[in-house]
Amino acid sequence: MNPGSFRIVSGQPKSFRSSDHATRTFCPSCGTPLTFTSARHPDEIDVTTCSLDDPEQVPPRSHTWRTSGISWMKSADGLPVYPEKRPE
């Protein structure tokens with residue numbers, strides 16, 4: 001998702017640097033993870049789907065960045081799997 005097309009409509013999230021290039025936001029009231037951004041990909045924002053009011057409205061289209069995933073996690077939903085970014 002393009003960061004310019006995303007907005008939080010209620011409250012103000014807290015953020016922290018989880019690495020030299022990554023920033024994560026979370027709800028300061030309950031701790032729910034909300035977003036992930038990376039200086040390596042400034043044109044993208046990852047949103048934690050289940051933090052949305054109606055996550056059923058945005059089903060996944062693929063699985064990305066599997067190179068950073070745990071080795072025993074296997075997707076069984078038939079969606080495309082990419083080692084890094086989804087092709088443009």
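Residues numbered from 1 in each chain as written. Predicted model: local features only at pLDDT ≥ 70, side-chain atom pairs only at ≥ 80, totals over all residues. Heavy atoms only, no water.

*Asks:* I'm lost on unusual backbone geometry in this one. Help?
*Replies:* Glycine aside, negative phi is the norm for most residues, and most peptide bonds take the trans geometry. Non-glycine residue Trp65 carries a positive phi angle of around 60°. Structurally, the position occupied by Trp65 is in the segment after strand E4 (46-47). (Helix = DSSP H or I, 4+ residues; strand = E, 2+ residues; numbered from the N terminus.)

*Asks:* Mind showing me how you'd approach a nonpolar patch on the surface here?
*Replies:* On the surface, Ile70, Trp72 and Met73 cluster together into a nonpolar patch covering about 370 Å² of accessible area. Locating Met73 in the fold gives a position in the segment after E4. On the basis of relative accessible area, Met73 is assigned to the partly exposed category, the value being 40%. (Patch = residues over 30% accessible without salt bridge, like charges linked within 9 Å, V, L, I, M, F, W, Y side chains within 5 Å. Areas by Shrake-Rupley, 256 points an atom, 1.4 Å probe, with all protein chains shown as cover. Salt bridge = Lys/Arg side-chain N within 4 Å of Asp/Glu carboxyl O. Buried < 20%, exposed > 50% of the residue type's maximum accessible area, 1.4 Å probe, protein only.)

*Asks:* When you look at the pairing of strand E2 (residues 22-26) in this model, what are you seeing that I'm missing?
*Replies:* In summary, the side chains of a regular strand alternate between the two faces of the sheet. By the bridge criterion, four bridges tie strand E1 (residues 14-17) to E2 in an arrangement that is antiparallel. Each bridged residue has a counterpart across the sheet, and for Ser15 the counterpart in E2 is Thr25. Here E1 folds back onto E2 in antiparallel fashion, the turn holding four residues. Of the strand pairs in this sheet, E2 and strand E3 (residues 33-38) are connected by five bridges, and their pairing is antiparallel. (Pairing = 2+ DSSP bridges.)

*Asks:* Where do I start with the sheet that holds E2 in this structure?
*Replies:* Two strands in a sheet stick together by hydrogen bonds in their backbones, pointing the same way (parallel) or opposite ways (antiparallel). Here four strands make up an open sheet; going across it, the order is E1-E2-E3-E4 and the pairing antiparallel. Every interior strand has two partners, whereas the edge strands, E1 and E4, have only one. Across two bridges, E3 lies against E4 in antiparallel orientation. Bridging from a neighbouring strand, Thr35 pairs with Val47 of E4.

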